[in-house]
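Analysis of the macromolecular model
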Amino acid sequence: MATAGKVIKCKAAVAWEYGKPLVIEEVEVEPPQEKEIRIKIVGTGLCQSDLFFLLKCAKPAVFPVIFGHEAAGIVESIGPGVTEFQPGDKVIPLFMPQCRECRFCKSPRTNLCVKGSAGTLEGKNRENSRITCKGTKVLQFLGISTFSEYTVVKEFSLTKIDPAAPLEKVCLIGCAICTGYGAAVNTAKVEPGSTCAVFGLGAVGLATVMGCKASGAKQIITVDINPEKFEKAKVFGATDVVNPKDHSKPTQQVLTEMTNGGVDYSFECIGNVEVMVTALESCTPGWGCSVIVGWTDTNFSAQPIQLMRGRTWTGTLFGGFKGKDGVAEMVKAYLDKKVMVDEFITHNMTLDQINEAIELMKHSQCIRAVLSFSP
């Protein structure tokens, strides 16, 4: 492409301060260096994790930062040593990398990778950022930063996808859909004929419902305080809905009575430590498994007897999917009509409207807003 080897000036949504609206700025994106790829973002989703670090987790060292980690795009140019990609490839950037060389990547027991970029949340790798705004290096959130029209990522943080995939839709596979679906299929390994409870009906929760249904669960109870989400939950496979506000009893007691002793599997998809405990206590003693899916940095605790009686409490990152392999497989599953994607999208907006999208998300008025870059 004509831009290869040159600095690209483009539009990005920059977070300059904690808790403040994002600012649409012109940024400069450097050419990719060794084992790096520069991509043009076509569609990017707004995730609750972006909002968490913008609005709920004050880490001064993070700012300025460009958020965004759920996206799809096209390779614009490649740096020296890149062998896996070519300009024009359709790709999805990965916040859960897969180098295929470390002990984690070689193990079938985890999707972690030693080259994971969690450390960038505290600004440790700002000097490695390829994006500059007003003369200042801008932190690339999770090593990706997809709220920028162009971005540069490491080769191990990118996967090639089927060229037939619609980028403005499959971008959601880069986070929410894999996280929820994989929580049921990979982490919990939901069994046919089982009972499940899913707490929280955002995009991750709905993807979890979809995963429970795909696994053959006979009863999928969804729990949320917003009844407007219940019809959408049924589209993804929910068999029952529970609004805690409609009951005087604790939610775990309600679910225990509904299932003759508790569900086989429960999933907390909110990031609320109190709900995590409720989800655990909603499981049947003996073999119940509760999975923490929602992100938070708050400490939590439970009575040891809850685990001593045979329950399992575990967590999941990215639904247990290995980045490169899992994302490409899920895109194929979507093209083969085995998983839903379109149904998650409630708003299509431009990057200029990102603060409006944030308000919609804050007030639970959308499942997923997909942002595009206007010409």
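Residues numbered from 1 in each chain as written. Predicted model: local features only at pLDDT ≥ 70, side-chain atom pairs only at ≥ 80, totals over all residues. Heavy atoms only, no water.

Ordered in space as 14-13-12-15-16-17, the 6 strands form an open sheet in which the pairing is parallel. Here the strands that pair on one side only, and so sit at the sheet edges, are strand 14 (240-242) and strand 17 (312-315). The average undirected angle you get between the axes of adjacent strands in this sheet is 20°. Taken together, the 3 bridges between strand 13 (residues 219-223) and strand 14 define a ladder with parallel strand orientation. Within strand 14, the position partnered with valine 223 by the bridge is valine 242. Across the sheet, helix 6 (residues 251-258) is in contact with strand 12 (195-199), strand 13 and strand 14; its angle to strand 13 comes to roughly 160°. Where helix 7 (residues 273-281) meets the sheet, it contacts strand 12, strand 15 (265-268), strand 16 (289-292) and strand 17, and its direction lies at approximately 175° from that of strand 15. (Pairing = 2+ DSSP bridges. Helix = DSSP H or I, 4+ residues; strand = E, 2+ residues; numbered from the N terminus. Axes fitted to C-alpha atoms, helices over the stretch in contact; angles between N-to-C directions. Contact = heavy atoms within 4.5 Å.)

It is worth spelling out the packing of helix 3 (residues 176-188) against helix 4 (residues 203-214) at this point. Viewed as axis vectors pointing N to C, helix 3 and helix 4 meet at an angle of 40°, and their least axial separation amounts to 7 Å. In terms of orientation, helix 3 and helix 4 fall into the oblique class. Where helix 3 crosses over helix 4, the handedness of that crossing is right-handed. In this structure, helix 3 contributes Ala176, Ile177, Thr179, Gly180, Tyr181, Ala184 and Val185 to the contact, and helix 4 contributes Ala203, Val204, Ala207, Thr208, Met210, Gly211, Cys212 and Ala214. For the contact of helix 3 with helix 4, the class distribution of residues is 11 nonpolar, 4 polar and no charged. (Parallel < 35°, antiparallel > 145°, perpendicular 65-115°, else oblique. Left-handed = near helix turned anticlockwise from the far one by under 90°. Nonpolar A, V, L, I, M, F, W, Y, C, P; charged D, E, K, R; others polar.)

This part covers the side chain of aspartate 50. Within the secondary structure, aspartate 50 sits in helix 1 (residues 48-56). Although aspartate 50 is buried, it makes no salt bridge; arginine 368 carries the closest opposite charge, 6.9 Å away. Excluding its chain neighbours within four sequence positions, the residues that come into contact with aspartate 50 are Gly45, Phe67, Gly68, His69, Phe141 and Phe147. (Buried < 20%, exposed > 50% of the residue type's maximum accessible area, 1.4 Å probe, protein only. Lys, Arg positive; Asp, Glu negative; His and termini not counted. Salt bridge = Lys/Arg side-chain N within 4 Å of Asp/Glu carboxyl O.)

So, on to the sheet that holds strand 7 (residues 131-133). Here we have 4 strands laid out as an open sheet, ordered 1-2-7-8, and antiparallel in their pairing. The two strands at the open ends of the sheet, each matched to only one other strand, are strand 1 (8-14) and strand 8 (136-137). Bridging between strand 7 and strand 8 involves 2 bridges; their strand directions are antiparallel. By the bridge assignment for strand 8, threonine 132 is matched with lysine 137.

A few words now on the packing of aromatic side chains. On inspection of all chains with the given rule, the structure shows 9 aromatic pairs. Where phenylalanine 53 meets tryptophan 295, the ring centres are 6.1 Å apart and the plane angle is 35°; that geometry is what we call tilted. Highlighted residues: phenylalanine 53 in helix 1 and tryptophan 295 in the loop between strand 16 and helix 8 (304-308), separated in sequence by 242 residues. Look at phenylalanine 300 and tryptophan 313: their rings are 4.9 Å apart centre to centre, the planes differ by 70°, and that puts the pair in the edge-to-face class. Within this pair, whereas phenylalanine 300 is found in the loop between strand 16 and helix 8, its partner tryptophan 313 is found in strand 17, the two being separated by 13 residues in sequence. Judged by relative accessible area, which is 43%, phenylalanine 300 ranks as partly exposed. Among the aromatic residues, ring-to-ring pairing joins Phe52, Phe53, Phe63, Phe67, Phe141 and Trp295 into one connected group. (Phe/Tyr/Trp six-rings, centres within 6.5 Å; stacked < 30°, edge-to-face > 60°.)

Glancing now at the state of the cysteines. The tally for this structure, following the rule as stated, stands at 0 disulfides. You can see cysteine 175 has no disulfide; the closest cysteine sulfur is in cysteine 47, sitting 4.0 Å from it. There is no disulfide at cysteine 366, and the cysteine sulfur nearest it, in cysteine 47, is 11 Å away. (Disulfide = S-S within 2.5 Å.)

This next bit is on the nonpolar core. For soluble globular proteins, nonpolar side chains are generally found buried alongside one another. Among the nonpolar cores identified, the biggest contains 108 residues, and Phe147, Val170, Ile173, Phe267 and Phe344 are the most heavily contacted of them. Apart from residues no more than four positions distant in its own chain, isoleucine 173 is found in contact with Cys178, Phe318, Val327, Met330, Val331, Tyr334 and Val341. In terms of nonpolar packing, the next biggest core, distinct from the first, is built from 11 residues, Phe199, Val242, Val254 and Cys283 among them. (Core = buried A, V, L, I, M, F, W, Y, C linked by side-chain atoms within 4.5 Å.)

Moving on to the confidence of the model for the protein. Looking at the protein as a whole, the pLDDT averages 93, with 96% of positions reaching at least 70. Low confidence marks residues 118-123, where pLDDT is under 50. Its contacts with residues over four positions away, or in another chain, come to 17 contacts. (pLDDT = per-residue confidence, 0-100.)

Take the environment of leucine 317 next. Along the chain, the position of leucine 317 falls in the loop between strand 17 and helix 9 (323-335). The exposure class of leucine 317 is partly exposed, given its relative accessible area of 40%. For the pair formed by leucine 317 and threonine 151, sequence separation is 166 residues and the distance between their alpha carbons is 23 Å. The residues touching leucine 317, leaving out its near neighbours within four places in the chain, are Met96, Asn111 and Leu112.

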